[in-house]
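# A structural walkthrough
Residues per chain are reported as follows:
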Amino acid sequence: MCVPGLTSAVGSLSQFWLLTDPHLKFVPLGVELSGIDQLNCARSCLRNSSCYTFAFNDALHACTLGSWPVRSNTTTVHVNTFATHLCNPVAQFSLYQSGDVRLCVRASPGGDNFPNGQAACKAFGAIMYTTKTPEKMNLLKTIGKQYNDMFWVGLTDIETENVFKYTDDGSVLSDSWRKAIFGPGEPNGGTGDNCVYWDRTTTLLMDDTCSDGYRFLCEMPVLF
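What you see is a predicted model; the values in this text were computed from it and never measured.

With that out of the way, let us pick up the nonpolar core. Counting 23 residues, the largest nonpolar core has Leu140, Leu155, Leu173, Ile181, Phe182, Leu205 and Leu217 as the members making the most contacts within it. Those elements that place two or more of their residues in this core are strand E9 (101-107), helix H4 (134-147), strand E11 (151-156), helix H5 (175-181), strand E13 (195-199) and strand E14 (204-208). With four residues, the single largest contributor to this core is H4. Excluding its chain neighbours within four sequence positions, the residues that come into contact with Leu140 are Tyr129, Thr131, Val153, Trp198, Leu205 and Leu217. With 19 residues, the next largest nonpolar core counts Trp152, Cys195, Tyr197 and Met220 among its residues.

In structure tokens, the structure reads:
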């Protein structure tokens, strides 16, 4: 939920976002401010390069600055807790949108093999980018053209040859969608090529050996 009134008064961000997800944990920076209003609490966060969230206590006029929230198995009831971004700027995730699909996506700075790419995404609390819908394929094309590079995506036939599954939930790629997203004659690697990457020339998918070194994309949902 955005808070446009607070935004227009601050004037430095397009909008603030009210934390509502109970599985997001507020992480204090150890900076407590008292005797100020909510507007100046927001301004204090903007002036602090480590601040990406803040909590304001109306009754006490107390402000607590926070870093980026983390996901937790426990639940938290948030009261007047706001964030400055929809995607984690600390980990260099950026917001992308196609139609009704909005995602936070991070492009790796360099190439690596497929297993290491998966592990790196998991370390961010993310998954390797999946291509389950036309909107996500459109986003992939946008990102690929932006970086002018090729990227691993979360799709393999490691378990069973020629049965491609998404790495986030193990769902099987349908025959009709397979024809739509793979390049001409692809996948064609047989038992040796079990991992999938996005090709910048065809703007479609191809298979290759999992040990090859492509850049990779990590995705996670937007904060709200």
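Attention now goes to the pattern of salt bridges. Enumeration over the complete set of coordinates arrives at six salt bridges. Where Asp21 meets Arg71, a salt bridge forms, and the shortest distance between an N and an O atom there is 3.0 Å. With a gap of 50 residues between them, Asp21 in the loop between strand E1 (17-18) and strand E2 (24-25) and Arg71 in strand E6 (residues 70-71) connect regions that are remote in the sequence. Residue Asp21 is classed as buried on the basis of its relative accessible area, which comes to 18%. Residue Arg71 is classed as exposed on the basis of its relative accessible area of 54%. In this structure, the salt-bridge partner of Asp168 is Lys132, at a minimum N-O distance of 2.9 Å. Of this pair, Asp168 sits in the loop between strand E12 (165-166) and H5 while Lys132 sits in the loop between strand E10 (127-128) and H4, placing them 36 residues apart in sequence. The exposure class assigned to Lys132 is partly exposed, which follows from its relative accessible area of 30%. It is possible to trace a salt-bridge network through shared partners that takes in Lys132, Asp168 and Asp169.

So, about the state of the cysteines. Per the stated rule, a full pass over the model turns up five disulfides. Between the sulfur of Cys41 and that of Cys63 lies a disulfide, 2.0 Å long from S to S. Taking the sign of the torsion about the S-S bond as the criterion, the disulfide between Cys41 and Cys63, at about 70°, is right-handed. Of this pair, Cys41 sits in helix H2 (residues 38-47) while Cys63 sits in strand E5 (residues 62-66), placing them 22 residues apart in sequence. The partner cysteine of Cys45 in its disulfide is Cys51, sulfur to sulfur 2.1 Å. In this structure, the disulfide formed by Cys45 and Cys51 twists by about -105° around the S-S bond and is classed as left-handed.

Calculation notes
Residues numbered from 1 in each chain as written. Predicted model: local features only at pLDDT ≥ 70, side-chain atom pairs only at ≥ 80, totals over all residues. Heavy atoms only, no water. Core = buried A, V, L, I, M, F, W, Y, C linked by side-chain atoms within 4.5 Å. Buried < 20%, exposed > 50% of the residue type's maximum accessible area, 1.4 Å probe, protein only. Helix = DSSP H or I, 4+ residues; strand = E, 2+ residues; numbered from the N terminus. Contact = heavy atoms within 4.5 Å. Salt bridge = Lys/Arg side-chain N within 4 Å of Asp/Glu carboxyl O. Disulfide = S-S within 2.5 Å.

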